[in-house]
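An overview of the molecular structure
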Amino acid sequence: MRTVIVTATATALTLALAAAATAPATAASTSGRPGTDGLWRMDGYGTVLSLDGDTLQEFQTTSVSCLKGDSARRTGPGTYATADGTTLTVRPGPGANRATLGYDTSVGHRSLRRVRELPADCTRPIPKDARTAFDVFWHSFAENYPFFAAKGVDWQAMRDRYRPEVHADTTRKELFGIFSDMVRPLHDAHVAVLDGDQVFAQVRPGTEPPSPELDARVKKFITERDLGNAPYRQDFANGRITYADLPGRAESHAESHAQSHADQGYLRISGFAGYTAEDAPYPAHLAELDKALDAILTTERTQRLKGLIIDLRINGGGSDALGIHIAERLTDRPYVAYAKRARNHPTDPDRHTRPEPIRVVPASGPRYAGPIAVLTSGTTVSAGESFTQALIDRPGGTVRIGQPTQGVFSDVMERGLPNGMTAILPNEEFLDRSGRTYDGTGIPPHLTEPVFTKEEFEKKRDSAFDRAVGVLRGRAAAGR
């Protein structure tokens, strides 16, 4: 999940960092259009937006800087499109000086407050030297990152240690190394430093990052080991989704091969993106998802199934909105998936925006509302985790099996630095109904099993899958 302007995806966006701001603007629309035109400060996110006629322009701010960020073009009343096709929606109110902003790839909204002018730093050029880049980098984290205390990292001490190492002759390679060393102790998969082809990023210790190679290996293993006798199996959404009916226990000698008694289903989701061409806008991916769900969750199947395994063990994330869309096909009663809030003070990490409940409303048409077993691992990342969290309080019963998820949930902020480098960081928390966030630790399983270890592969075992089959079978037999 990535936030550029307010866009959330798991794939890199191609919008380039623009030049520094020029002349100050006022709250009045220069185009003469009423409503939301003007300047808006976003609650949290260190962002000011300029809405002027057909253009939405982002300004990324800290207490020491302002950099002109990305832009979007107006496509209709209150709607804008970024270069990658993401749709932003700005709605006025409540009151003349408030508005909300949302975007189609994610869930929740940003609160906007009208301001009369841009911050002073937006009206003058910013130096591009290494020390200025260091200061913007440090303040971007100091004013937005929510998890320093949880990670046991003293960010002020990081500044005191590393800033004296930065001087006029510091090379880009050296500065990249310094930035990487500063964020390394966070062990946060939603933190990265970019400079051209150079990327520093890492996952939680003891876990493995998702990759196409790992996904392909696991998919082949599961297809041969777990789904070899499946009476029905099909891939959907550019191969990112697989569904299979699992053979059931024989009810009689005539059904000894159990081909006609598939009472459990298996749904593997390897990501919440990439369902069609990568450069296609969000509605195209949503349409492919709906095609898959319509083919999988037929009336006949939803009435027949007594259990559904959802395999998220290799899931690289993507759009939270697609995860909520799937959850809406897995319940017959509305409920709250989780609540989102963002850090909302530059010096006090304990101040946040008001938590916004993200609701799951049953979709029209066939839905499956029975027992579910969710398989997770440390390679369940980002939107894979928010989807896992969205099933915690799902009516109908959900059990988690495997290993804890990666522990990163927030949409991420992509912050340009004056020298052209980029910092990526989270600033949000996803809360369960008790107010707990699973950042850092990940969502734990109810039942712990090894997941794709060397021994599991060598002995052709899939302990989490087998446990899920047995648990769901037991619940069906007990009438739960």
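Look a little higher up for the structure.
Reference entry: report on the structure contained in this document.

Rules used throughout
- Residues numbered from 1 in each chain as written.
- Predicted model: local features only at pLDDT ≥ 70, side-chain atom pairs only at ≥ 80, totals over all residues.
- Heavy atoms only, no water.
- Axes fitted to C-alpha atoms, helices over the stretch in contact; angles between N-to-C directions.
- Helix = DSSP H or I, 4+ residues; strand = E, 2+ residues; numbered from the N terminus.
- Parallel < 35°, antiparallel > 145°, perpendicular 65-115°, else oblique.
- Left-handed = near helix turned anticlockwise from the far one by under 90°.
- Contact = heavy atoms within 4.5 Å.
- Nonpolar A, V, L, I, M, F, W, Y, C, P; charged D, E, K, R; others polar.
- Disulfide = S-S within 2.5 Å.
- Buried < 20%, exposed > 50% of the residue type's maximum accessible area, 1.4 Å probe, protein only.
- Polar contact = N/O pair within 3.5 Å; in protein donor to acceptor, adjacent residues only side chain to side chain.
- Phe/Tyr/Trp six-rings, centres within 6.5 Å; stacked < 30°, edge-to-face > 60°.
- Lys NZ or Arg CZ within 6 Å of the ring centre and 35° of its normal.
- Core = buried A, V, L, I, M, F, W, Y, C linked by side-chain atoms within 4.5 Å.
- Pairing = 2+ DSSP bridges.

**A look at the packing of helix H1 (residues 130–142) against helix H4 (residues 172–183)**
- Taken N-terminus to C-terminus, the directions of H1 and H4 make an angle of 20°; their axes are 11 Å apart at the nearest point. In terms of orientation, H1 lies roughly parallel with respect to H4. Of the two elements, H1 crosses H4, and the hand of that crossing is right-handed. Contact residues: Ala130, Ala133, Phe134, Phe137, Trp138 and Phe141 in H1; Leu175, Ile178, Phe179, Met182 and Val183 in H4.
- Here the contact of H1 with H4 is composed, by residue class, of 11 nonpolar, no polar and no charged.

**A closer look at the state of the cysteines**
- Considering all chains together, one arrives at 1 disulfide under this definition.
- Note that Cys66 is cross-linked by a disulfide to Cys122, the S-S spacing being 1.9 Å. Between Cys66 and Cys122, the S-S dihedral sits near 90°, and the bridge is therefore right-handed. Remark: Cys122 occurs in the loop between strand S9 (110–115) and H1 and Cys66 occurs in strand S5 (residues 65–76); sequence separation between them is 56 residues. The exposure classification of Cys66 matches that of Cys122, with both residues buried.

**Some details on the side chain of Asp245**
- Inspection of the secondary structure puts Asp245 in strand S13 (residues 241–246).
- A distance of 2.6 Å separates a polar atom in the side chain of Asp245 from a polar atom in the side chain of Tyr243.
- Sequence-distant contacts of Asp245, defined by excluding residues within four places in its chain, comprise Ala230, Pro231, Tyr232, Ala262, Gln264, Arg301, Arg304 and Leu305.

**Focus on the packing of aromatic side chains**
- By the definition in use, this model includes 17 aromatic pairs.
- Seen in terms of ring centroids, Phe452 and Phe457 are 5.8 Å apart; in terms of plane orientation they differ by 15°. Their pairing is stacked.
- The class for Phe457 is buried, based on a relative accessible area of 12%.
- Aromatic ring contacts, followed pair by pair, group Phe134, Phe137, Phe141, Tyr145, Phe147, Phe148, Trp155 and Phe179 into a single cluster.
- When the ring centre of Phe457 is taken as origin, the NZ or CZ atom of Arg217, which lies over that ring, is 3.8 Å away.
- Taking NZ or CZ as reference, Arg301 lies 4.9 Å from the ring centre of Tyr232, over its face.

**Remarks on the nonpolar core**
- Ile241, Ile269, Ile310, Leu330 and Phe387 are the most contacted members of the largest nonpolar core, which has 41 residues in total.
- If we ignore the near neighbours within four places in the chain, the residues touching Leu330 are Leu297, Leu308, Ile310, Tyr368, Ala369, Ile372, Phe387, Leu391 and Arg394.
- Listed in part, the 33 residues of the second largest apolar core include Ala130, Phe148, Met158 and Met421.

**Notes on the side chain of Ser180**
- Tracing the backbone shows Ser180 in helix H4.
- Within the structure, Ser180 has its side chain in polar contact with the backbone oxygen of Phe176 (distance 2.8 Å).
- Aside from chain neighbours lying at most four places away, what touches Ser180 is Val193 and Phe200.

**Things to note about the sheet that holds S5**
- An order of S2-S3-S4-S5-S6-S7-S8-S9 is seen for the 8 strands of this closed barrel, with the pairing classed as antiparallel. Averaged over neighbouring strand pairs, the angle between their axes works out to 35° when direction is ignored.
- Two strands pair when backbone bridges link them, and strand S7 (residues 87–92) and strand S8 (residues 98–103) are joined in this way by 5 bridges, in the antiparallel orientation. Across the sheet, the residue bridging to Val90 is Leu101, located in S8.

**Some details on the packing of H1 against helix H3 (residues 155–162)**
- Their axes nearest at 10 Å, the elements H1 and H3 cross at an angle of 170°. As the angle between them shows, H1 and H3 are arranged roughly antiparallel. Judged by residue contacts, Phe134, Asp135, Phe137, Trp138, Phe141 and Ala142 of H1 engage Trp155, Gln156, Arg159 and Tyr162 from H3.
- For the contact of H1 with H3, the per-class residue count stands at 7 nonpolar, 1 polar and 2 charged.

**Quick notes on the environment of Glu300**
- Considering the arrangement of structural elements, one finds Glu300 in helix H7 (residues 299–304).
- A relative accessible area of 46% means that Glu300 is categorised as partly exposed.
- For Glu300 and Asp235, which are 65 residues apart along the polypeptide, the C-alpha to C-alpha distance reads 19 Å.
- Reaching out from Glu300, the side chain makes a polar contact with the side chain of Arg304 at a distance of 2.7 Å.

**Side note on the environment of Gly323**
- Along the polypeptide, Gly323 turns up in helix H8 (residues 320–327).
- Residue Gly323 is classed as buried on the basis of its relative accessible area of 3%.
- For the pair Gly323 and Leu391, spaced 68 residues apart in sequence, the C-alpha to C-alpha distance is 9.9 Å.
- Once you skip the residues sitting within four places of it in the chain, Gly323 turns out to touch Phe272 and Phe387.

**Details of the sheet that holds strand S17 (residues 356–360)**
- Strand order in this open sheet of 3 strands is S17-S16-S22, and the pairing throughout is antiparallel. Here the strands that pair on one side only, and so sit at the sheet edges, are S17 and strand S22 (428–431). Taking the axes of each pair of neighbouring strands and ignoring which way they run, one obtains an average angle of 25° across the sheet.
- In the sheet, strand S16 (residues 335–342) pairs with S17 via 5 bridges, with the strands oriented antiparallel. Residue pairing for S17: Tyr338 is matched across the bridge by Ile358.
- The strands touched by helix H9 (residues 383–390) within the sheet are S16 and S22, with S16 carrying the most contacts at an inclination of about 135°.

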